[in-house]
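Residue-level structure breakdown
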Amino acid sequence: MTEPILSVRGVSKTYASGVHALHAVDLDINKGEIFALLGPNGAGKTTLISIICGIVTPSTGTITVGGFDAIGQPKRARRQIGLVPQELATDMFETVESTCRFSRGLFGHPQKSDHIEEVLRDLSLYDKRKSKIMELSGGMKRRVLIAKALAHEPHILFLDEPTAGVDVELRRDMWKLVHRLREKGTTIILTTHYIEEAEEMADRVGVISGGKLLVVDEKTALMKKLGKRELDIALNEPMSTIPGDLGDWELSLENEGKTLRYVFDAQAERTGIPSLLRKLADLNIGFKDLETSKSSLEDIFVDLVKEGGK
Ligand SMILES: Nc1ncnc2c1ncn2[C@@H]1O[C@H](COP(=O)(O)OP(=O)(O)O)[C@@H](O)[C@H]1O
Ligand SMILES: [Mg+2]
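All of the points below concern the structure found in this document. These numbers come from a predicted model, not from an experiment. (Residues numbered from 1 in each chain as written. Chains lettered and ligands numbered in written order. Predicted model: local features only at pLDDT ≥ 70, side-chain atom pairs only at ≥ 80, totals over all residues. Heavy atoms only, no water.)

As for the pattern of salt bridges
One pass over the structure, following the stated rule, counts 14 salt bridges. Between glutamate 97 and arginine 101 there is a salt bridge, with its nearest N and O atoms 3.2 Å apart. A residue pair is termed a helical-turn pair when its members lie 3 or 4 positions apart in one helix, as glutamate 97 and arginine 101 do in helix H3 (residues 96–106) at four residues. Among the residues examined, glutamate 97 registers a relative accessible area of 15% and is labelled buried. Note on arginine 101: relative accessible area 24%, which makes it partly exposed. (Salt bridge = Lys/Arg side-chain N within 4 Å of Asp/Glu carboxyl O. Helix = DSSP H or I, 4+ residues; strand = E, 2+ residues; numbered from the N terminus. Buried < 20%, exposed > 50% of the residue type's maximum accessible area, 1.4 Å probe, protein only.)

Here it is, written out as structure tokens:
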């Protein structure tokens, strides 16, 4: 394994108001990946990003960005990072180009480089470089924020809710843009409360809720687990081992052998339930009850969707 480009260890945050926004978060981000932090409003996503970017002080924990300690060497750590904030907050009377150049200057980079020009071309803003930001459409304003965040050539780009409140077309543009940035070698961390956004964009997904990072996994693995359901079969007689004849089904014994649990894919064409029940009858394994439930991961997502839909 190569060194992670970003390492978060035991980060907690209690705001002065007493709100516990984060609880002992550990997270490693790999160089060049697209990572989605998925969670409902109030989960702690912006707080975590703000701590990594040095805007909010953590109550406990350490952060290393590109080898620099974010608390001990905040300027060096911050130079590695570009941040596109959740709120559109930029000087509306400035032109696109001067906003980007100003931001580049803040990080001590020389202005003569043609990096800004490249960024503006990449984001289809080059023709608008002399326009005042207030004259641009909503989608373009968002792209200006991205250009501004990229002006100092950061290795890591944070996008806080990049598509919240934007229309479907613009959302798809944003997805394409993120993939192009990654092709250029930028590591991307985005937050979202849209599952489909995490699914569409990310290599890995972390689910955060109530200030706790609940799971971190490869997107494909996570999406697979998401469609899982459990069938609990209450047996007449407890079992000590699962008979070899039942090897075709993903089974486990729970509740001291009194429950046979079958995990199946709810989206699959065949659940495998009828054939399993026939097989149990063939083997004279009696049961008194059947109960299906969602896997706990799916429960988390259902809650997320509910919150996100508010
Ligand atoms: N500056 C602040 N002062 C006090 N509480 C805050 C502040 N910022 C956020 N919070 C609280 O911390 C929790 C997490 O918020 P936030 O990180 O913004 O979540 P998210 O970005 O996932 O919506 C929420 O309960 C929120 O009200
Ligand atoms: Mg937020």
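Picking up after the structure, the text goes on.
Considerations on the coordination of the magnesium ion (ligand 2)
Coordination sphere of the magnesium ion (ligand 2), protein contribution only: Thr46 (OG1) and Gln86 (OE1), at 2.0 to 2.4 Å. In this pair, threonine 46 sits in helix H1 (residues 45–52) while glutamine 86 sits in the loop between strand E6 (81–84) and H3, placing the two residues 40 residues apart along the sequence. Look at threonine 46 and you get partly exposed, because its relative accessible area is 32%. A residue is classified by how much of its surface remains accessible, and glutamine 86, at 33% relative accessible area, is partly exposed. (Donors = N, O, S within 2.8 Å, 3.2 Å for Na, K, Ca; no water.)

Things to note about the nonpolar core
Of all hydrophobic cores here, the largest spans 43 residues; its most connected members are Leu120, Ile146, Leu157, Leu159, Ile188 and Phe301. At seven residues, helix H5 (residues 138–150) tops the list of elements feeding residues into this core. Every residue in contact with phenylalanine 301, bar those within four places of it in the chain, is listed here: Leu38, Ile195, Val207, Leu222 and Leu226. Listed in part, the 28 residues of the second largest apolar core include Val11, Val25, Leu27 and Ile63. (Core = buried A, V, L, I, M, F, W, Y, C linked by side-chain atoms within 4.5 Å. Contact = heavy atoms within 4.5 Å.)

Here's the deal with empty space enclosed by the protein
Sizing a probe to match a water molecule and rolling it over the atoms shows the empty space that remains. Taken as a whole, this structure holds two cavities of 30 Å³ or more when the rule is applied. Approximately 60 Å³ is the volume found for the largest cavity. Looking at which element gives the most residues to the lining of the largest cavity, the answer is H5, with three residues. Classifying every residue of the lining of the largest cavity gives eight nonpolar, no polar and three charged. For the second largest cavity, the calculated volume is near 40 Å³. Taken together, Leu6, Leu27, Leu37, Leu48, Ile49, Ile52, Phe158 and Ile189 make up the lining of the second largest cavity. The leading source of residues in the lining of the second largest cavity is H1, at three residues. Per-class residue counts for the lining of the second largest cavity are eight nonpolar, no polar and no charged. (1 Å grid on protein atoms, 1.4 Å probe; cavity = no way out; pocket = protein on both sides within 12 Å on 5 of 7 lines; lining within 4 Å. Points joined across faces, edges and corners; volume = space filled by probe spheres on them. Nonpolar A, V, L, I, M, F, W, Y, C, P; charged D, E, K, R; others polar.)

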